[in-house]
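Chain by chain, the residues:
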Amino acid sequence: MNRIAVLGSANVNLVVRQPRLPRPGETLFGTGFSSEPGGAGLNQAVAAARLDAGVDFLGMVGEDAHGEQIRRLLAREGIPDDGLESAVEPTGTAHTAVVDSGENSIVVVPGANAALTALSRTQREAIERAAFLMMQCELPVSALVEGLAAARAAGVFTVLTPAPVVTLPDGFLDLVDLIVPGRLEAAALTGQSDPVRAAELLSAGGTWAIVTLGAEGSVVAFDGSVLGLAPARPVRAVDTTAAGDTFVGVLVAQLAAGADRGAGAGGGDAGRGAGVGAGGAGGAAIGGRSISATAMIDAVRWATVASSVAVTRPGATSSMPTLAEVTAILA
């Protein structure tokens, strides 16, 4: 099985449901409260594991009740916790306000996540034996740089969700094989408000780029060319908190499953392929296998369905569908 390493944040989400966002100085009554593990990294790891992918989660939590809550979740999902380091700082928290329309606003207190400035030996080894590495930008940049370097040296396919947008070293994005920003992140990174143009710029130089647009679907691009707009699956949204993380986790889980099923390994270096050629057959090479445009678009289809299910349920990790649920919709 092609394993997926997820280097990212782990928080406990403290979620308040309310009719609307309060004005400055205003007090509102909420309609509900919940607490559950989350964080972009943990969310993506759980989403991939629910699709039966082999996942290693690499992060940091405090030695507190919230940290134990996260470790129990990993155990339930079949994700090893040996890559989850402990810090003296408290476990990170995300304070989420969900309004009746399903939209949300989030304030993150990084806590132990901010202490992960360098990788442990265990974390580095997990990256080196993986086929895919997923990262976000909720950890210190130094950890992301080290993770990316380890992945590139080992021929691991790298996936970045650039949220929140932070200052990254020159050339960092050039070494990422697949970048999955939302509309706002894509605009911030490229200066282009048009997501199609942003996807073209982000994918230049043999990179995959998928710009997610919520209810409008997503733009898929490779090597400076847009392959198409993948439509969203219409649903009534209840809570969009984990929609993007579900999308990315399931996307990579399907790429890993496709690589397991696909053409046999051959020689050659891992990294980017020759681009999308006639018939859209080109793609990025992974350990001698290649991700074709067909495989990427199919993975986007799975990710779209999974995220559409997640937004119909409250919560973050609790909203994510299983392989059986997604398969039933696609059947």
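The sections below set out a description of the structure shown in this document. Each chain has its residues counted from 1, following the order in which its sequence is written. Note on the predicted model: pLDDT of at least 70 is required for a residue's local features to be given, and 80 or more for side-chain atom pairs to be given and counted; whole-chain, interface and lining totals, by contrast, use all residues. Working from all heavy atoms in the structure, the side-chain values ignore hydrogens and water.

1. Here's the deal with the nonpolar core
One finds Ile4, Phe57, Phe132, Leu178, Ile210, Leu251 and Met296 to be the most contacted residues of the largest nonpolar core, which totals 53 residues. Buried Ala, Val, Leu, Ile, Met, Phe, Trp, Tyr and Cys residues that are joined via side-chain atoms within 4.5 Å together make up what is termed a nonpolar core. Exposure categories follow from relative accessible area, calculated using a 1.4 Å probe and restricted to protein chains: below 20% of the type maximum is buried, above 50% is exposed, and the middle band is partly exposed. Counting residues in each nonpolar core, the second largest holds 35 residues, with Ala112, Ala150, Val156 and Phe172 among its members.

2. With respect to the packing of helix H8 (residues 293-310) against helix H9 (residues 323-330)
For the pair H8 and H9, interaxial distance at closest approach is 10 Å and the crossing angle is 110 degrees. Comparing the axis directions of H8 and H9 gives the class roughly perpendicular. With respect to the hand of their crossing, H8 and H9 are arranged in right-handed fashion. Touching Arg301, Trp302, Val305, Ala306 and Val309 of H8 are Leu323, Val326, Thr327, Ile329 and Leu330, all from H9. In terms of residue class, the contact of H8 with H9 is made up of eight nonpolar, one polar and one charged. An axis is simply a line fitted to the C-alpha atoms; with a helix, the fit covers only the stretch in contact. Between two such axes, the angle follows the N-to-C directions and lies from 0 to 180 degrees. The helix and strand labels rest on DSSP assignments: H or I over at least four residues marks a helix, E over at least two residues marks a strand, and numbering proceeds from the N terminus. Each angle receives one of four descriptions, namely roughly parallel if under 35 degrees, roughly antiparallel if over 145, roughly perpendicular if within 65 to 115, and oblique otherwise. By convention, the crossing between two helices is left-handed when the near helix turns anticlockwise from the far helix through less than a right angle, and right-handed when the turn is clockwise. In this analysis, two residues are considered to be in contact whenever any of their non-hydrogen atoms come within 4.5 Å of each other. Each residue is assigned to one class: nonpolar for Ala, Val, Leu, Ile, Met, Phe, Trp, Tyr, Cys and Pro, charged for Asp, Glu, Lys and Arg, and polar for all the others, Gly among them.

3. Details of the pairing of strand E5 (residues 84-87)
Whether two strands pair comes down to DSSP finding at least two bridges between them. Pairing of strand E4 (residues 55-62) with E5, which is carried by four bridges, proceeds in the parallel orientation. Note on E5: the bridge partner recorded for Gly59 is Leu84. Crossover connection from E4 via helix H2 (residues 65-77) to parallel E5: handedness right-handed. A clockwise course of the path from the first strand over the helix to the second, judged with the strands pointing away from the viewer, identifies a crossover as right-handed.

4. Some thoughts on the environment of Thr91
Residue position: Thr91 is located in the loop between E5 and strand E6 (92-99). Placed 18 residues apart in sequence, Thr91 and Val109 show a C-alpha to C-alpha distance of 9.0 Å. Counting of polar contacts relies on pairs of N or O atoms within 3.5 Å, with two restrictions inside protein: one atom must be capable of donating a hydrogen and the other of accepting it, and residues adjacent in sequence are counted only when both atoms are side-chain atoms. Among the polar contacts made by the side chain of Thr91, one reaches the side chain of Asp64 at a distance of 2.6 Å. Within the structure, Thr91 has its side chain in polar contact with the backbone nitrogen of Gly67 (distance 3.2 Å).

5. Some words on H8
End to end, H8 covers 26 Å across 18 residues, agreeing with the expected 26 Å (1.5 Å per residue, within 8%). Counting buried positions along H8 yields 13 of 18 residues, so the element is predominantly enclosed. Residue count minus one, scaled by 1.5 Å, sets the expected span of a helix.

6. Details of the sheet that holds strand E8 (residues 132-135)
Sheet architecture is open: nine strands sit in the order E5-E4-E1-E8-E9-E10-E11-E12-E13, paired in mixed fashion. The open sheet has two free edges, formed respectively by E5 and strand E13 (225-230), since each of these has just one partner strand. Across four bridges, the pairing between strand E1 (residues 4-7) and E8 is parallel. Residue pairing for E8: Val6 is matched across the bridge by Met134. Along the sheet face, helix H6 (residues 195-203) touches strand E10 (178-179), strand E11 (208-212), strand E12 (218-222) and E13 and points at about 30 degrees away from the line of E12.

7. Topic: the packing of aromatic side chains
For this analysis, a ring pair means two rings from Phe, Tyr or Trp (six-membered ring only for Trp) whose centres lie within 6.5 Å, classed as stacked if their planes differ by under 30 degrees, edge-to-face if by over 60, and tilted for the remaining angles. Counted by the stated rule, this structure contains two aromatic pairs. Centre to centre, the rings of Trp208 and Phe222 are 4.5 Å apart; their planes meet at 45 degrees, and the pair counts as tilted. One end of the pair, Trp208, is in strand E11; the other, Phe222, is in strand E12, and 14 residues separate them in sequence. Comparing Trp208 with Phe222 shows no difference in burial state: the two are buried.

8. Describing the side chain of Ser307
On the secondary structure map, Ser307 appears in helix H8. Setting aside anything within four residues of it in sequence, one finds Ser307 in contact with Ala243, Thr246 and Phe247.

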